[in-house]
Amino acid sequence: MQITITRTQSPKAKPDQNNLGFGNYFTDHMFLMNYDEGKGWHSPRIVPYGPLSLDPSAMCLHYGQEVFEGLKAYRAADGSVSLFRPDKNMARLNLSNDRLCIPPINEEFAVEAIKELIRVDEDWIPTADGTSLYIRPFIFAADPFIGVRPGKNLIFCVILSPVGAYYPEGLNPVKIYVESNYVRAVKGGMGFTKAGGNYAASLKAQGDAYKLGFSQVLWLDGVERKYIEEVGTMNVFFVIDGVIVTPELTGSILGGVTRTSCIDILKNWGMSVQERPISIQEVADAYDAGKLDEVFGTGTAAVISPVGLLRWENKDMNINGGEIGKISQKLYDTLTGIQWGKIEDTFGWTVKV
Ligand code: COI
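Quick summary incoming for the structure in this document. (Residues numbered from 1 in each chain as written. Predicted model: local features only at pLDDT ≥ 70, side-chain atom pairs only at ≥ 80, totals over all residues. Heavy atoms only, no water.)

1. Section: helix H8 (residues 326-339)
Piece 1. The first and last C-alpha atoms of H8 sit 20 Å apart over 14 residues, in line with the 20 Å expected at 1.5 Å per residue.
Piece 2. When you tally the buried positions in H8, you get ten out of 14 residues, the bulk of the element.
Piece 3. Every buried residue belonging to H8 is among Ile 327, Ser 328, Leu 331, Tyr 332, Thr 334, Leu 335, Thr 336, Gly 337, Ile 338 and Gln 339, and all of these are buried.
Piece 4. Positive phi shows up at Gly 341, right after H8, with a value of about 70 degrees. (Helix = DSSP H or I, 4+ residues; strand = E, 2+ residues; numbered from the N terminus. Expected span 1.5 Å × (residues − 1). Buried < 20%, exposed > 50% of the residue type's maximum accessible area, 1.4 Å probe, protein only.)

Written as structure tokens, this is what we have:
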């Protein structure tokens, strides 16, 4: 399929690279492609960024048939631009598509479309330390119909956003509240997908935690409320007595690209990594025994985010004196070093645009 390109006649002013925050600014163009039953995916195009026209009865607005992805483009010191494991994101998009009855996309074509969009908006890739161009592909049902069934007319869109750190704390440790009241997902549901609905389900708990001074919640399993799942915007790792433990993927947890990359890096360093069920009680016991060395989150948006305080009911666990731990720091340096082309990518993860 040939991608047509229509360039904007009125490029926007670029934001201040040192005050980007996350998700505030959008580039001059976006990618669009349609799916219509009987016709398949068609009409791939890059057009000026702007509002989409949707029928008020568009199915996504009523039943939430929507999935998305998040990846980043990085500008290296030599001026080249790379993506980090985009094939993984597109494979996960199709996994989400399958669960939400959205027709699959051609993964290689989607990566090519993203590269083409980035080339068009290349001058939007920020270069300040810690910044990148966040890429948000998403798909939704646009049929003008309010009966409940899978959409037959869908839109695949990709938008780009120059970003800095996700959390205002940056690499400073965040405070996380262990959520015992609400649950995010259960096995058999869609917790393993990147679907907007999962995030809608998280807002109430996140809002409550925020009012108490916490950045995010740590979700427990929806059945026993005992086993750790993930943080709102990232997967979570614990360093207990030198061993790294992260919840195994059970069907209710998102299989993060950063999660799997960190596991590979840690194993490559010869560290012991366990993917297994881990209960909040085990974490609290390790803390009491002085063996909870570090806690950190991983995600495309959050990168590596150390946790400085974990509150579970009335128990406050102050981790590593509120400082970033050695492993978190080394992982951050290694991962971002590969992404920004500062250190050799021996894993073959980066893809030139
Ligand atoms: C990401 O890390 O890319 C995410 O999608 C997290 C988020 C901002 C929802």
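Here the narrative resumes, following the displayed structure.
2. What to know about the layout of surface pockets
Piece 1. A volume near 470 Å³ is recorded for the largest pocket.
Piece 2. Residue lining of the largest pocket: 27 residues in total, with Phe 68, Lys 194, Tyr 199, Gly 232 and Thr 233 positioned closest to the centre.
Piece 3. Only strand S7 (132-141), helix H4 (196-200), helix H5 (203-211), helix H6 (257-268) and strand S15 (292-299) provide two or more residues apiece to the lining of the largest pocket.
Piece 4. Per-element tally for the lining of the largest pocket: the top contributor is H4, with three residues.
Piece 5. Taken together, the residues that form the lining of the largest pocket break down as eleven nonpolar, twelve polar and four charged. (1 Å grid on protein atoms, 1.4 Å probe; cavity = no way out; pocket = protein on both sides within 12 Å on 5 of 7 lines; lining within 4 Å. Points joined across faces, edges and corners; volume = space filled by probe spheres on them. Nonpolar A, V, L, I, M, F, W, Y, C, P; charged D, E, K, R; others polar.)

3. Quick notes on the state of the cysteines
Two cysteines whose sulfur atoms are joined by a covalent bond form what is called a disulfide.
Piece 1. Evaluated as defined, the whole model comprises zero disulfides.
Piece 2. Of the cysteine sulfurs around Cys 101, a residue in no disulfide, the closest is that of Cys 60, at 15 Å.
Piece 3. No disulfide involves Cys 157; its nearest neighbouring cysteine sulfur is the one of Cys 60, lying 12 Å away. (Disulfide = S-S within 2.5 Å.)

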